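Analysis of the macromolecular model
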Amino acid sequence: PENLLESEFFGYEKGAFTGATTSRAGFLEEAAKGILFLDEIGELSLSMQAKLLRVLQEREGRRVGGKSLIQYEFRLLSATNRDLEEMVQKGTFREDLYYRLFSLSIEIPQLRERRRDIGLMAVRFLREISDAWQKSFSGFSPEAIEVLSQYSWPGNVRQLRREIERL
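Quick look at the structure, then.

**Focus on the overall build of the protein chain**
Each helix and strand counted, the protein chain has eight helices and six strands in total. The order of α-helices and β-strands along the protein chain, N terminus first, is α-β-β-α-β-α-β-β-β-α-α-α-α-α. Here the protein chain has a C-alpha radius of gyration of 21 Å; the compact-globule value for 167 residues is 15 Å, and the former is much larger. Projected onto its principal axes, the C-alpha coordinates of the protein chain cover approximately 65 × 40 × 30 Å. Burial analysis of the protein chain (167 residues in total) assigns 29% to the buried set. In the protein chain, of all internal contacts separated by at least 6 residues, the share reaching a separation of at least 24 is 61%. Within the structure as shown, the protein chain displays about 11400 Å² of accessible surface, and the carbon and sulfur contribution to it stands at 50%. Each charge class in the protein chain was averaged separately, 25 positive and 26 negative side chains, and the resulting centres sit 4 Å apart.

Following this line, the structure appears as structure tokens:
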């Protein structure tokens with residue numbers, strides 16, 4: 001929910017809302033002198049985009065229910081699977097925030113466009129799952145890798161990992 005997201009980003013002061021029995025720093029404050037990673041930035045509402053834009057421009061903000069300004073010092077790294085340029089054209093993503101975010105953009109092709117990586121990822125995921133479950137799995141046959149490589153993976157890398165775990 002929007003109000004929960006705001007308190008997660010900015011933090012809150014004791015008594016700001018029902019259940020706020022103590023004050024809490026938000027993600028922006030906790031990222032002090034570090035990197036804040038915002039995944040799925042394309043899912044932010046226009047009102048949260050405006051608040052984030054202000055933070056990026058002014059490097060300050062207030063906790064929910066707070067009176068004093070807090071200075072923020074962090075670097076922002078964001079990710080999305082959405083076409084933000086298209087969203088800007090449609091008016092669902094702020095143009096000023098778009099240009100503020102993208103001083104450097106790295107586009108990672110979908111998994112189905114880099115089929116050579118599927119076998120390598122499958123083997124790595126199998127190792128990670130083996131370690132987590134404390135089980136020994138022998139690996140994949142070449143035929144199994146071929147089958148995995150031919151699938152289109154609409155869920156991308158997360159889907160591949162879950163499928164390896166399921167297998």
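Picking up after the structure, the text goes on.
**Concerning the nonpolar core**
Residues Leu-28, Ile-41, Phe-74 and Phe-93 are the most contacted members of the largest nonpolar core, which totals 23 residues. For this core, the secondary-structure elements that each account for two or more residues are α1 (2-10), β3 (34-39), α3 (46-58), α4 (84-90) and α5 (95-101). The element contributing the most residues to this core is α3, with five residues. Setting aside residues no more than four positions away along its own chain, Phe-93 makes contact with Ile-41, Gly-42, Leu-46, Gln-49, Leu-84, Met-87, Val-88, Tyr-98 and Leu-101. Among the nonpolar cores identified, the runner-up in size contains 11 residues, and Ile-118, Leu-126, Leu-148 and Trp-153 belong to it.

**Comments concerning the packing of α1 against α3**
One can describe the packing of α1 onto α3 by two numbers: an axis separation of 11 Å at closest approach and a directional angle of 15 degrees. By the criterion of interaxial angle, the relationship of α1 to α3 is roughly parallel. The element α1 and its partner α3 pack so that their crossing is right-handed. Counted together, Glu-2, Leu-5, Glu-6, Phe-9 and Phe-10 of α1 and Ser-47, Met-48, Lys-51 and Val-55 of α3 form the full contact between these two elements. A per-class count over the contact of α1 with α3 returns five nonpolar, one polar and three charged.

**Examining the packing of helix α6 (residues 116-133) against helix α7 (residues 142-150)**
Running from N to C, α6 and α7 cross one another at 120 degrees; their axes reach a closest spacing of 9 Å. By the angle class used here, α6 and α7 are oblique. Considering only the axes of α6 and α7, their crossing is right-handed. Residues Ile-118, Gly-119 and Ala-122 of α6 lie in contact with α7, whose contacting residues are Ile-145, Leu-148 and Ser-149. Of the residues in the contact of α6 with α7, the class split is four nonpolar, two polar and no charged.

**Remarks on the environment of Arg-24**
Checked against the element boundaries, Arg-24 lands in strand β2 (residues 24-25). Its relative accessible area of 24% is what places Arg-24 among the partly exposed residues. Sequence separation of Arg-24 and Arg-116 is 92 residues, and the distance between their C-alpha atoms is 46 Å. If near-sequence neighbours (up to four positions away) are discounted, Arg-24 is found in contact with Ser-7, Glu-8, Gly-11, Tyr-12 and Arg-63. Side-chain polar atoms of Arg-24 contact the side chain of Glu-8, separated by 3.3 Å.

**Focus: α3**
The periodicity of an α-helix, 3.6 residues per turn, causes residues three or four positions apart to be oriented the same way. Spanning 13 residues, α3 covers 18 Å between terminal C-alpha atoms, matching the ideal 18 Å at 1.5 Å per step. Listing the buried residues of α3 in full gives Met-48, Gln-49, Leu-52, Leu-53, Val-55 and Leu-56. Looking straight down α3, one finds its buried side chains confined to an arc of 160 degrees; they lie on one side. The elements touched by buried residues of α3 are α1, α2 (27-30), β3, β4 (60-61), β6 (74-79) and α5. Positive phi appears at Arg-59, one or two residues downstream of α3, with a value of about 60 degrees.

About the criteria used
Residues numbered from 1 in each chain as written. Predicted model: local features only at pLDDT ≥ 70, side-chain atom pairs only at ≥ 80, totals over all residues. Heavy atoms only, no water. Helix = DSSP H or I, 4+ residues; strand = E, 2+ residues; numbered from the N terminus. Rg over C-alpha atoms; globule rule 2.2 N^0.38 Å. Buried < 20%, exposed > 50% of the residue type's maximum accessible area, 1.4 Å probe, protein only. Contact = heavy atoms within 4.5 Å. Areas by Shrake-Rupley, 256 points an atom, 1.4 Å probe, with all protein chains shown as cover. Lys, Arg positive; Asp, Glu negative; His and termini not counted. Charge placed at Lys NZ, Arg CZ, Asp CG, Glu CD. Core = buried A, V, L, I, M, F, W, Y, C linked by side-chain atoms within 4.5 Å. Axes fitted to C-alpha atoms, helices over the stretch in contact; angles between N-to-C directions. Parallel < 35°, antiparallel > 145°, perpendicular 65-115°, else oblique. Left-handed = near helix turned anticlockwise from the far one by under 90°. Nonpolar A, V, L, I, M, F, W, Y, C, P; charged D, E, K, R; others polar. Polar contact = N/O pair within 3.5 Å; in protein donor to acceptor, adjacent residues only side chain to side chain. Expected span 1.5 Å × (residues − 1). Arc of directions from axis to C-beta.

The values reported here are purely geometric and, on their own, carry no functional implication.
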